[in-house]
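Chain by chain, the residues run as shown.
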Amino acid sequence: MMHGQGRYEWADGVIYTGSIVNNQIEGVGTYQWPDGSEYQGDVFRGRRHGTGIFRHGRSSFTYEGRWHMGNMHGKGTLQFDRTGENYYTGDFITNIPFGKGRRQYASGNFYKGMWVNGKRHGYGVFSWNNGSGEYIGQWENGIQQGHGMHIWYLIRDEESHYALRNYYEGNFVNGRRNGFGTFYYSSGTKYIGGWREDQKHGKGKVILRNGTTIEADFSYDRILTPLTDDMTSMLLIELPEIASKTPMPSASNTLDPMNIKRSESRNTIGPSFKLQFNSVFDETSTMEDERKIITEQVFHVLFRHLPKLNQIYRLYARLGVDMQANVDNTFLMTRNQFWRFILDCNLHSYGETLMEYDRMIAECLPTENIHGPDEGILVREFLNAIAIICFHLHRLKKVENDIPIDKLPTSLQIATSMETVIEKNILQHAGTIRGNLFTEPQKYLQASQYKDQCYQIYLLFCTKNKKKPYDMTMQKRDFLLMLKHFQLIDQANLTASRVISILAEDDPNIRPSGTTNTSDVRLDIEMCFLEFFEALIACALIYPSNKAYNNYGRPPKTAGSEHSLGSQPSIGSPSIHDQYQESRVSELPTIVVREVSDFIQETPDDPDKSRSLTSREHEGQTSNLEPSILSLSTYATKVHGFFQTIFLPAAISYRNIREQIRVDQEKTWQGLKPTNEPAWSQKYTVLIE
């Protein structure tokens, strides 16, 4: 009689090792199958029974938990791969998930709730992998069925402390909104009424954020009931397509986030939208009654072009956005995208810079950082900005109209100029994306990795505006001077004249019209961060890829470079005005910007190093490539190489030297000699005032 610990092998190759009681396999043991499968745990009468672990030999399938007479039964965890990120844990009945359990899918999606016969059935919560939304409610045979709530979280900036969301609460049939339900928009508007196949259908009412209620009959997201002009205006502004095609899992593949329908409803214009326009009249002597008439005329012009302007907003709000990550298809325009819109529409050709447009807009739409590249701009703010820009262009007499307007009332003059700007600039040119950043999504993803670091360098070379609103500003000459300080200007590739040509590509104001003199350029024009960053990308595309930045060398001597700082005043406690500045206008010496003719006198990047004819020819071939025809791989190689091995190391070295100058300067002014170091005036050569 077999009794105790032992080993038993069957003719088909199955092996058991463990305890045997009165010729019965019972207790704790291990089964091994010929295909490599293995079970370790409790056994009873030769079957897996109790608690144990089973590992499949030909797959990554693993089960750990309770067993009953050879079947997975009770609480357990079923792993579908070895990553630990694709599993089910919960109740089993005869090898099937049945009861309460959690399912983590390989895609990252997650479900927690009730199961029947291996399918989601009953109450449960399903969350999408990127945090974009979740469904809470009833399920039937794996599909949303019955009462439930589907939430779409709007993707916000990581630093934001709040989250917006759209959500629907009501009845679902076969995975779709069907029957009675309420859709809550992030703007505060909501729709209450009938649904069919995810669309408003039947009797319903829209309640705007200001409390206005619009009751109407709907047919597949289209309103049937005639409305007054006021009602139509409010509804069109709030829901331009009279639709709520927010993303919803399809019935055929409920859990596949790639099959989610795209949304066409933005809901970023407030229901009580009106022009925030009063501050523009501060520059005029317009009477109150006339102001109202002007505002009404401007509003009517905007309203006539509202559908196309909404489309333009959506187009630019999508630039550089990862469409796969933005599951709910909700887009918020940033100032970077708004700047690109202004440049594409040639609004800067009127002689106003993007920075000046920012100031005009900020007078009516105050914001914390009027030139912040990542500041969000809602649709209503976008429309307000267009109206503000058009008003000021008319006030400054920049707009040339096709018809004489001098004898027209002031309100019609402004409306006519606004029509001219919208039709000739915005509608004609918007959508033709120019520049080096937003033309292709994949190229944007490559370059945008360096955006934040470049923004800090941009601020380093900004100075505080002496006029209100006392903002930080940078000029084109500062960009050229920065490259000079970083020793990136050379005689063969990135010449000063070529840098000026780069700056002039998107700004016709740099070269006065009709001039034939190449040195007759304007570099006192302000430069926003988008222009700064795109100019750097253009430099990256023509800079030799076989170069690498080593150390910040000694700049060539120039007139005034040997000035002593011995006569400089001592450093006191900075005032509030000084603390505001983050750049060179502080206790550091102010750098003198020379005339353009001085910059055009080029010097080799390394005069002491001989260069072979082969290398010169190779660099010449590389620099002659047009940026527009560069492949993605070449673009990525040049951008990464320039920023990682050239520009950012040069910026770090420059910043370190500035800090050392400041430290040594303080010691000099205090009468202390720098420890074991020569005086900073002998160690460094800089241009100072």
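Everything numeric in this text was worked out from a predicted model, so none of it was measured.

A. View of the overall build of the protein chain. Along the backbone of the protein chain there are 17 helices and 23 strands. Considering the protein chain as a whole, with its 689 residues, one finds that 48% of them fall into the buried category. A sequence separation of at least 24 residues applies to 48% of the contacts in the protein chain between residues at least 6 apart.

B. Expanded view of the pattern of salt bridges. A full pass over the atoms with the stated rule returns 25 salt bridges. One salt bridge connects glutamate 526 with arginine 359, and the closest N-O pair in it is separated by 2.5 Å. With glutamate 526 in the loop between helix 11 (496–505) and helix 12 (529–542) and arginine 359 in helix 5 (residues 354–364), this residue pair connects regions lying 167 residues apart in the sequence. With respect to class, glutamate 526 is no different from arginine 359; both count as buried.

C. Layout of helix 16 (residues 632–669). Over its 38 residues, helix 16 runs 53 Å from end to end, which matches the ideal 56 Å to within 8%, given 1.5 Å per residue. At phenylalanine 643, helix 16 is deflected by roughly 40 degrees, the largest bend along its length. Directly beyond the C-terminal end of helix 16, a positive phi value near 80 degrees is found at glycine 671.

D. Structural view of the nonpolar core. Among the nonpolar cores identified, the biggest contains 111 residues, and Phe341, Phe479, Phe532 and Phe647 are the most heavily contacted of them. Apart from the residues within four sequence positions on either side, phenylalanine 479 is in contact with Met474, Val499, Leu503, Met527, Phe532, Ala535, Leu536 and Cys539. Grouped together as the second largest cluster of nonpolar side chains are 34 residues, Tyr16, Ile25, Phe172 and Ile214 included.

E. Broad picture of helix 3 (residues 306–317). For helix 3, spanning twelve residues, the distance from its first C-alpha to its last is 16 Å, which sits close to the expected 16 Å at 1.5 Å a residue. Of the positions making up helix 3, those classed as buried are Leu306, Leu309, Asn310, Ile312, Tyr313, Arg314, Tyr316 and Ala317.

F. Examining the packing of aromatic side chains more closely. One pass over the structure, following the stated rule, counts 51 aromatic pairs. For the pair tyrosine 167 and tyrosine 184, a centre-to-centre distance of 4.4 Å together with 15 degrees between the ring planes defines the contact as stacked. With tyrosine 167 in strand 14 (residues 165–173) and tyrosine 184 in strand 15 (residues 176–184), this residue pair connects regions lying 17 residues apart in the sequence. What makes tyrosine 167 buried here is its relative accessible area of 17%. Both rings, one in phenylalanine 643 and one in phenylalanine 647, keep their centres 6.0 Å apart while their planes meet at 90 degrees; by these two values the pair is edge-to-face. With phenylalanine 643 and phenylalanine 647 both in helix 16 and four residues apart, this pair spans about one turn of that helix. Overall, the relative accessible area of 0% leaves phenylalanine 647 in the buried class.

G. Main features of the confidence of the model for the protein chain. Looking at the protein chain, pLDDT values average 77 and 74% of them are 70 or higher. A low-confidence stretch, residues 157–162 (pLDDT under 50), is modelled with one contact involving residues beyond four sequence positions or located in other chains.

H. View of a nonpolar patch on the surface. On the surface, Met2, Tyr8 and Trp10 cluster together to form a nonpolar patch covering roughly 260 Å² of accessible area. Positionally, methionine 2 belongs in the segment before strand 1 (4–9). Here methionine 2 falls in the partly exposed class, since its relative accessible area comes to 37%.

I. Main features of the packing of helix 10 (residues 476–485) against helix 11. Close contact between helix 10 and helix 11 brings their axes to 11 Å; oriented N to C, the two are set at 140 degrees. Classed by the angle they form, the pair helix 10 and helix 11 counts as oblique. Handedness of the crossing formed by helix 10 with helix 11: right-handed. In contact with Lys476, Phe479, Leu480 and Leu483 of helix 10, helix 11 contributes Ala496, Val499, Ile500 and Leu503. Looking at the contact of helix 10 with helix 11, its residues break down into seven nonpolar, no polar and one charged.

J. Broad picture of the packing of helix 4 (residues 335–344) against helix 6 (residues 379–395). It is the contact of helix 4 with helix 6, at a shortest axis distance of 13 Å, that shows an interaxial angle of 40 degrees. Of the possible angle classes, the one that applies to helix 4 and helix 6 is oblique. Helix 4 and helix 6 meet at a crossing whose hand is right-handed. Taken together, the residues of helix 6 that come into contact with helix 4 (itself represented by Phe338, Phe341 and Ile342) are Phe382, Ala385, Ile386 and Ile389. When the residues that make up the contact of helix 4 with helix 6 are grouped by side-chain class, the tally is seven nonpolar, no polar and no charged.

K. Looking closely at the pairing of strand 2 (residues 15–21). Burial of strand 2 is extensive: five of the seven residues sit out of reach of the surface. Judged from the six bridges that link them, strand 1 and strand 2 form a sheet pairing that is antiparallel. When the bridges of strand 2 are listed, arginine 7 appears paired with threonine 17. Between strand 1 and the antiparallel strand that follows it, strand 2, lie five residues; glycine 13 among them carries a positive phi value of about 100 degrees. As paired elements, strand 2 and strand 3 (residues 24–32) share six bridges and run antiparallel to each other. When the sheet's bridge partners are listed, threonine 17 is paired in strand 3 with threonine 30. The loop that links strand 2 with its antiparallel partner strand 3 comprises two residues; one of these, asparagine 22, has a positive phi angle of about 50 degrees.

L. Examining the environment of isoleucine 510 more closely. Tracing the sequence through the fold places isoleucine 510 in the loop between helix 11 and helix 12. Residues isoleucine 510 and leucine 523, 13 residues apart in the sequence, show an inter-C-alpha distance of 6.6 Å. Setting aside its immediate chain neighbours within four residues, isoleucine 510 contacts Lys476, Ile500, Leu503, Ala504, Asp520, Val521, Arg522 and Ile525.

M. Quick look at the pairing of strand 4 (residues 38–44). Examined bridge by bridge, strand 3 and strand 4 share six bridges and lie antiparallel to one another. Directly across from threonine 30, in strand 4, lies its bridge partner glutamine 40. As consecutive antiparallel partners, strand 3 and strand 4 are separated by five residues, and within that stretch glycine 36 has a phi angle of approximately 100 degrees, a positive value. As paired strands, strand 4 and strand 5 (residues 47–55) are joined by six bridges and run antiparallel to one another. By the bridge assignment, glutamine 40 is partnered in strand 5 with isoleucine 53. Here strand 4 folds back onto strand 5, and the loop between the two strands holds two residues, one of which, arginine 45, carries a positive phi near 55 degrees.

N. Highlighting unusual backbone geometry. The step from lysine 468 to proline 469 runs through a cis peptide bond, and the omega angle for that step is 10 degrees. By secondary structure assignment, the location of proline 469 is in the loop between strand 22 (463–464) and strand 23 (472–473). Here the phi dihedral of aspartate 198 falls at roughly 70 degrees; this positive angle occurs in a residue that is not glycine.

Thresholds applied
Residues numbered from 1 in each chain as written. Predicted model: local features only at pLDDT ≥ 70, side-chain atom pairs only at ≥ 80, totals over all residues. Heavy atoms only, no water. Helix = DSSP H or I, 4+ residues; strand = E, 2+ residues; numbered from the N terminus. Buried < 20%, exposed > 50% of the residue type's maximum accessible area, 1.4 Å probe, protein only. Contact = heavy atoms within 4.5 Å. Salt bridge = Lys/Arg side-chain N within 4 Å of Asp/Glu carboxyl O. Expected span 1.5 Å × (residues − 1). Bend = angle between axes of the 7 residues up to and from the residue. Core = buried A, V, L, I, M, F, W, Y, C linked by side-chain atoms within 4.5 Å. Phe/Tyr/Trp six-rings, centres within 6.5 Å; stacked < 30°, edge-to-face > 60°. pLDDT = per-residue confidence, 0-100. Patch = residues over 30% accessible without salt bridge, like charges linked within 9 Å, V, L, I, M, F, W, Y side chains within 5 Å. Areas by Shrake-Rupley, 256 points an atom, 1.4 Å probe, with all protein chains shown as cover. Axes fitted to C-alpha atoms, helices over the stretch in contact; angles between N-to-C directions. Parallel < 35°, antiparallel > 145°, perpendicular 65-115°, else oblique. Left-handed = near helix turned anticlockwise from the far one by under 90°. Nonpolar A, V, L, I, M, F, W, Y, C, P; charged D, E, K, R; others polar. Pairing = 2+ DSSP bridges.

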